[in-house]
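Structural description and commentary
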Amino acid sequence: MSAINIAFKRFWNSQTGPKTVHFWAPTLKWGLVIAGISDMQRPVNKLSATQSLSLLATGLVWARWSFVIIPKNYLLASVNIFLAGTAGYQVSRIVNYRLENGDTMKQVLKYMITSQETVKTNTPIAAPPSTVSNDNLQAH
């Protein structure tokens, strides 16, 4: 047998080879990394803060976990390191954009978690005009 055949057979029959979920789950997860890379061209105000934050957390947790489980899964580690990197970049873009547009750090953190816009106004919001006039209040 040639060296290539031996290496392929070892890969094919390994605990993290293509006959297991340990191979296919991380392989398909590269789609999230590719989507994150394509989002680098997207305007910052069109990015989802909660999605980017959750992808960052997912990448960090699973990158660590891939070294704890048996068998160690380096393919899982690599995809999650890249996932955390792309999501971290998007989070930093969102934070910088929000800070440059006048949000405080507290407002940015609230936005990152809830995706709710803060109302930016220097004047109090006036109450809507009353539709009830004094003439209508008189007893008939």
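As annotated in an unreviewed UniProt entry, the protein chain carries the name Mitochondrial pyruvate carrier and comes from Maudiozyma barnettii. One UniProt comment on the protein chain, placed under Sequence similarities (unreviewed entry), says "Belongs to the mitochondrial pyruvate carrier (MPC) (TC 2.A.105) family." Recorded in UniProt for the protein chain, the comment headed Function (unreviewed entry) runs: "Mediates the uptake of pyruvate into mitochondria."

**Structural notes on unusual backbone geometry**
Backbone torsion omega between I70 and P71 reads 0°, so that peptide bond is classified as cis. Topologically, P71 is positioned in the loop between α3 (49-68) and α4 (74-100). Within the chain, S115 stands out as a residue other than glycine whose phi angle is a positive 60°. You can see S115 is positioned in the loop between α5 (105-114) and α6 (134-137).

**As for the nonpolar core**
Residues A49, L56, V91, I94, V95 and M112 are the most contacted members of the largest nonpolar core, which totals 18 residues. Put simply, the parts of the chain that give this core at least two residues each are α3, α4 and α5. Ignoring sequence-local partners within four residues, the contact set of I94 consists of V44, L47, S48, A49, S52, Y111 and M112.

**Quick notes on α4**
Compared with an ideal rise of 1.5 Å per residue, which puts 27 residues at 39 Å, α4 spans 39 Å between its outermost C-alpha atoms and is within 8% of the ideal. Where α4 begins, one side-chain oxygen reaches toward the backbone nitrogen of L75, 3.3 Å away; that side chain belongs to N73. Phi for G102, located one or two positions after α4, is positive at around 100°.

**Things to note about a nonpolar patch on the surface**
A cluster of nonpolar residues, V61, W62, W65 and V68, forms a patch on the protein surface that exposes about 400 Å² of accessible area. Considering the arrangement of structural elements, one finds V61 in helix α3. Under the relative-accessibility criterion, V61 is labelled exposed at 54%.

Analysis parameters
- Residues numbered from 1 in each chain as written.
- Predicted model: local features only at pLDDT ≥ 70, side-chain atom pairs only at ≥ 80, totals over all residues.
- Heavy atoms only, no water.
- UniProt positions renumbered as here; feature names shortened; annotations may be inferred.
- Helix = DSSP H or I, 4+ residues; strand = E, 2+ residues; numbered from the N terminus.
- Core = buried A, V, L, I, M, F, W, Y, C linked by side-chain atoms within 4.5 Å.
- Buried < 20%, exposed > 50% of the residue type's maximum accessible area, 1.4 Å probe, protein only.
- Contact = heavy atoms within 4.5 Å.
- Expected span 1.5 Å × (residues − 1).
- Polar contact = N/O pair within 3.5 Å; in protein donor to acceptor, adjacent residues only side chain to side chain.
- Patch = residues over 30% accessible without salt bridge, like charges linked within 9 Å, V, L, I, M, F, W, Y side chains within 5 Å.
- Areas by Shrake-Rupley, 256 points an atom, 1.4 Å probe, with all protein chains shown as cover.
- Salt bridge = Lys/Arg side-chain N within 4 Å of Asp/Glu carboxyl O.

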